[in-house]
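# Summary of the model geometry
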Amino acid sequence: MTATRPVPDAFAQALRELGLAGGAPLQGAPLTGGVSSDIWRIDLPGGPVCTKRALAKLRVAADWQAPIERNRYEARWMEVAQAALPGSAPRVLGQHPGLGVLVMEYLPKHALWKQQLRDGQAEVATAEAVGAALVRIHAYSAARPAMAADFATESIFFDIRLEPYLLATAARHPDLADRLQALVAQTQAHPHALLHGDVSPKNILLDGHRPVFLDAECAVWSDPAFDLAFCLNHLLLKCLWNPSATQAFLRCFDTLASTYLARVNWEPAAALQSRAARLLPALLLARVDGKSPVEYLDTAAQRDTVRRVARPLLAKPVSQLQAVAMAWRKEIAA
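It should be emphasised that the depicted structure is a prediction, and the values quoted were computed from it without experimental measurement. (Residues numbered from 1 in each chain as written. Predicted model: local features only at pLDDT ≥ 70, side-chain atom pairs only at ≥ 80, totals over all residues. Heavy atoms only, no water.)

## Details of the confidence of the model for the protein chain
Residues of the protein chain with pLDDT of at least 70 account for 94%, and the chain-wide mean is 93. Confidence over residues 59-64 falls short of pLDDT 50; this stretch has 20 contacts with residues more than four positions distant or in other chains. (pLDDT = per-residue confidence, 0-100. Contact = heavy atoms within 4.5 Å.)

Structural data, given as structure tokens:
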């Protein structure tokens, strides 16, 4: 375990005001990996907890501002996920609205899906479990439309997803700007369920194959096709990170997509798939030319590969996710 040190004042104050800490000085250690929050493991008398505090300016090269109240909605998303599928999110132990501090259970023994994928460990059973869990959370919320009032976070979602991914990419590709702007409108026009908003392997812990979703700072009532496309996007990009595991990544893509689509029950699955298939090339392009480029595509050749697939699919959209995967497979094989 990392050496401990005194925790920042805001964390200590939040824990005490939430009734989770006594009067003794608190010790802990910062946790790495996030660009949007300060995250600490803090050692309490009853055991360690994970705490996070949202940042007003994200740690990226671009000027990327985001409202800190998103921390409150992250806690709400985690509680909904737990109700929909127990164990699919860490248990919320407390949330301090004034200080923007979220306290949750600490899960140090879980594996991180991103690390497994980096190492070429792309198991179909994990992809199936992720797809099944994600669609179950979406279906649970879609059946409870009154829940939308608890997630009126469209402006936050715009600030930390739609603008930095789709509109920032449009500024880099003006000939495709109308297509990318239309995808913003498409997403906003289909508010069917509660989204996580950042379904990425870096935000998915694994207990065996069972996923535990982290970092729901982008939680919003919107189009679930966004969550599906966002996750599938990473399975394609990983083919350039670890080419030796390409076939395994593509099998995971197929399994996650088919598992998810087979369980869509709030609208025709074909309609959702069509929206996801239109979004997916935009998200591919956003991860090289938006405000949040993936760190592991660090060569011009890798980034050009993404552009050669994404740009034609944006210019001439397809309606099936498998068509996007086929175009990707053809390009990287070449």
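## Remarks on the pairing of strand β9 (residues 204-207)
In the sheet, strand β7 (residues 111-112) pairs with β9 via two bridges, with the strands oriented antiparallel. Bridge assignment links A111 to a residue of β9, and that residue is L206. Direction of pairing for β9 relative to strand β10 (residues 210-213): antiparallel, over a ladder of four bridges. Bridge assignment links D207 to a residue of β10, and that residue is R210. Hairpin connection of β9 to β10: two residues between the antiparallel strands, including G208 at a positive phi of 70 degrees. (Pairing = 2+ DSSP bridges. Helix = DSSP H or I, 4+ residues; strand = E, 2+ residues; numbered from the N terminus.)

## Some thoughts on helix α1 (residues 9-17)
Considered for burial, the residues of α1 that qualify are A10, F11, A12, A14 and L15. Against β3 (37-44), β4 (47-54), β5 (92-96) and β6 (101-105) lie the buried residues of α1. Looking one or two residues past α1, G19 carries a phi angle of roughly 75 degrees, positive in sign. (Buried < 20%, exposed > 50% of the residue type's maximum accessible area, 1.4 Å probe, protein only.)

## Regarding the packing of helix α8 (residues 246-262) against helix α11 (residues 321-333)
Direction vectors running N to C along α8 and α11 enclose 175 degrees, while the axes themselves pass 11 Å from each other. Relative to α11, the element α8 lies roughly antiparallel. Here T246, Q247, L250, F253, D254, A257 and L261 of α8 come into contact with α11, specifically with L321, Q322, A325, W328, R329 and I332. Looking at the contact of α8 with α11 residue by residue, the class counts come to eight nonpolar, three polar and two charged. (Axes fitted to C-alpha atoms, helices over the stretch in contact; angles between N-to-C directions. Parallel < 35°, antiparallel > 145°, perpendicular 65-115°, else oblique. Nonpolar A, V, L, I, M, F, W, Y, C, P; charged D, E, K, R; others polar.)

## A word on the pairing of β4
Counted residue by residue, β4 has six buried out of eight residues, so it is predominantly covered. Where β3 and β4 come together, eight bridges link them in antiparallel fashion. Residue pairing for β4: L44 is matched across the bridge by G47. Where β3 hands over to β4, the hairpin turn is made up of two residues, counted between the paired strands. Sheet topology note: the β4/β6 ladder contains five bridges and is antiparallel. Paired with K52 across the bridge in β6 is L102.

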